[in-house]
Amino acid sequence: MKDPALRGLLSGLGKAELEQLLATTRARRFPAGTWLCRDGDPASSCFFIAKGAVEMVKFLDGEEHVLATLRPGTLVGQTGLVENSLRSASVRAKSATVILEIKRKTFQRFVQQGSPMALHFQEQIAIAGIRQLRAAADQLALVLARSVRPSGKQPAAVDRLALAFIQAGTGEWDLPLDRGAIPPAVVKKRQS
Amino acid sequence: MISVIRAVKVFESLSDAECGELLRFMRVRQYEAGATVFEHGKPGDSMLVVADGALSVVMTSPRRRNIEVARVGVADVVGEMSCIVPAPRCATILAAVRTTVYELGRKELTNMRQQAPAVATAVVSAVIRSVALRLRRVEERIERELAGHLAARLPELRQTAGASARKSSRRGHARRATAASAPSTWTSLLGRMRGSA
């Protein structure tokens, strides 16, 4: 547990909780190039990367695309701890990797016991989910901006109107859309 | 009072005892019709459950006119994410009529972690489920919109592919070119989208 990689996520945990975590998770080794999970598989666990590195991979029309590389100290596949979820991408070991696998059933037992560790993990999951949702909303704004046809005169007002239109139109009015999500070029082009 | 919390979709997994416990940590607030509840751009770190009345979500048009974009009714929740990750409010919320809400702030959630960990866990689970559902909805919408954009661009893509096919004068190459130009758009978008996963 002296490994600096473990500090990030687990920093909020006491000694007893760390021991509880180690006692209930399984360390698994993956040689470089092997798969931790595949896109579309039913998910029932999440992985904590202890050593090595993994890549999140998505296949589209048979083409492979690496979406992100994740280093030690990161949690991957958190949605696997939520009921009825599917893996949204494949995860592959980039180098020799050691992970701690946390099963949903184990996690749920901690949740039921009101364990501080479960709460800590849950908050991490919630925070990651909220960030992902905010990023996705920005992405949606970017895609939708192409079909927005604002009719104002001042660029700032057009920009604001476009954002309001997107927020209201998607029903996600309580998500902050990044103003940068709409490139000024799109707005300018619409104006002329 | 419990019946309102009971009716909240986000909290449907909570037991009666947990709902009662949750209420202990919530503050009751009353607003007269037209009063400002949240102001756009101001920092926010609490969630509200409407107990009685209704809230109006408004956005300001360039001419500074308020446009109502949504109504929030009894047992609806607003701001459940900012309770966990504080963020500036994205819209202005006014009381549509005389309204009573239950408020749960970040500080109360932190206290709850110590004093009633089981309820805090249930609340965070509820937020996770709601976020997961919304994330799926937004992702589906992105995929639908992208599919539409790609379909609209197909003739153009075919032309590009045709041009490169004439250059290489091989049909197999042309087919690959079509397949390759489409996903690159997808990937750049998906990549940015999932970068935080």
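Bringing the overall build of chain B into the picture now. Along the backbone of chain B there are five helices and ten strands. Within chain B, the proportion of its 197 residues that are buried is 32%. Expressed as a percentage of contacts within chain B between residues at least 6 apart in sequence, the contacts between residues at least 24 apart total 71%.

Across its full length, chain A carries six helices and ten strands. Going through the 192 residues of chain A one by one, you find that 40% of them count as buried. Taking as baseline every contact in chain A between residues at least 6 positions apart, the subset at least 24 positions apart corresponds to 73%.

With 76% of its residues at a pLDDT of at least 70, chain A reaches an overall mean of 77. The secondary structure element of chain A with the lowest average pLDDT is helix 6 (residues 184-191) of chain A, at 52, and the one with the highest is strand 2 (residues 35-37) of chain A, at 95.

Here the focus is the nonpolar core. One finds Ala-141 of chain A together with Val-123, Val-127 and Val-131 of chain B to be the most contacted residues of the largest nonpolar core, which totals 95 residues. If you tally residues by element for this core, the top one is helix 4 (residues 116-145) of chain A, at 18 residues. If near-sequence neighbours (up to four positions away) are discounted, Val-131 of chain B is found in contact with Ala-126, Gly-129, Ile-130 and Leu-133 of chain A together with Met-81 of chain B.

Here we take up the sheet that holds strand 10 (residues 97-103) of chain A. All names here are of chain A. Spatial strand order, 1-10-4-7: four strands in an open sheet with antiparallel pairing. At either margin of the open sheet sits one strand with a lone partner, and together these are strand 1 (26-30) and strand 7 (75-76). Bridging between strand 1 and strand 10 involves five bridges; their strand directions are antiparallel. When the bridges of strand 10 are listed, Arg-29 appears paired with Val-98.

What follows is about the pairing of strand 4 (residues 46-52) of chain B. All names here are of chain B. Among the seven residues that make up strand 4, five are buried, leaving the element largely enclosed by the rest of the structure. As paired strands, strand 4 and strand 10 (residues 99-105) are joined by six bridges and run antiparallel to one another. Across the sheet, Val-50 pairs through a bridge with Val-101, a residue of strand 10. Bridge count between strand 4 and strand 7 (residues 77-78): two bridges; the pairing is antiparallel.

All right, on to the sheet that holds strand 6 (residues 63-70) of chain A then. Residue and element names in this part refer to chain A. The strand order 2-9-5-6 describes an open sheet built from four strands, whose pairing is antiparallel. The two strands at the open ends of the sheet, each matched to only one other strand, are strand 2 and strand 6. Averaged over all pairs of adjacent strands, the angle between their axes in this sheet comes to 35°, without regard to strand direction. Bridge count for strand 2 against strand 9 (residues 90-93) is two bridges, and the pairing is antiparallel. Residue pairing in the sheet places Cys-37 in a bridge with Val-91 of strand 9.

This paragraph deals with unusual backbone geometry. Residues and elements named next belong to chain B. A positive phi is found at Ala-75, a non-glycine position, where the angle reads about 75°. Following the sequence through the fold, Ala-75 ends up in the loop between strand 6 (66-72) and strand 7. With 17 C-beta atoms packed within 10 Å, Ala-75 lands in the partly exposed category.

Let us look at the packing of helix 3 (residues 104-112) of chain A against helix 4 of chain A. Any two packed helices are characterised by how steeply their axes cross, that is the angle between the axes, and by the distance between the axes. All names here are of chain A. At a minimum axis distance of 7 Å, the contact between helix 3 and helix 4 shows a crossing angle of 115°. Between helix 3 and helix 4, the angle is such that the two are roughly perpendicular. Read as a crossing pair, helix 3 and helix 4 show a hand that is left-handed. Here helix 3 contributes Phe-107, Phe-110 and Val-111 to the contact with helix 4, which in turn contributes Met-117, Ala-118 and Phe-121. Counted by class, the contact of helix 3 with helix 4 contains six nonpolar, no polar and no charged residues.

Another point: the environment of Ala-7 of chain B. All names here are of chain B. Tracing the backbone through its elements, the reader meets Ala-7 in helix 1 (residues 2-7). A count of 14 C-beta atoms within 10 Å places Ala-7 in the partly exposed class. Along the chain, Ala-7 and Ala-75 lie 68 residues apart, while their C-alpha atoms are 5.8 Å from each other.

Residue and element names in this part refer to chain B. Within helix 3 (residues 106-115), burial applies to Glu-108, Leu-109 and Met-112. Projection of helix 3 onto a plane perpendicular to its axis shows the buried side chains occupying an angular sector of 100°, all on one side. The exposed set on the far side of helix 3, more than 90 degrees from its buried face, consists of Lys-107, Thr-110 and Gln-114.

Quick notes on the rules
Residues numbered from 1 in each chain as written. Chains lettered and ligands numbered in written order. Predicted model: local features only at pLDDT ≥ 70, side-chain atom pairs only at ≥ 80, totals over all residues. Helix = DSSP H or I, 4+ residues; strand = E, 2+ residues; numbered from the N terminus. Buried ≥ 20, exposed ≤ 12 C-beta atoms within 10 Å, placed from the backbone. Contact = placed C-beta atoms within 7 Å. pLDDT = per-residue confidence, 0-100. Core = buried A, V, L, I, M, F, W, Y, C linked by C-beta atoms within 7 Å. Pairing = 2+ DSSP bridges. Axes fitted to C-alpha atoms, helices over the stretch in contact; angles between N-to-C directions. Parallel < 35°, antiparallel > 145°, perpendicular 65-115°, else oblique. Left-handed = near helix turned anticlockwise from the far one by under 90°. Nonpolar A, V, L, I, M, F, W, Y, C, P; charged D, E, K, R; others polar. Arc of directions from axis to C-beta.

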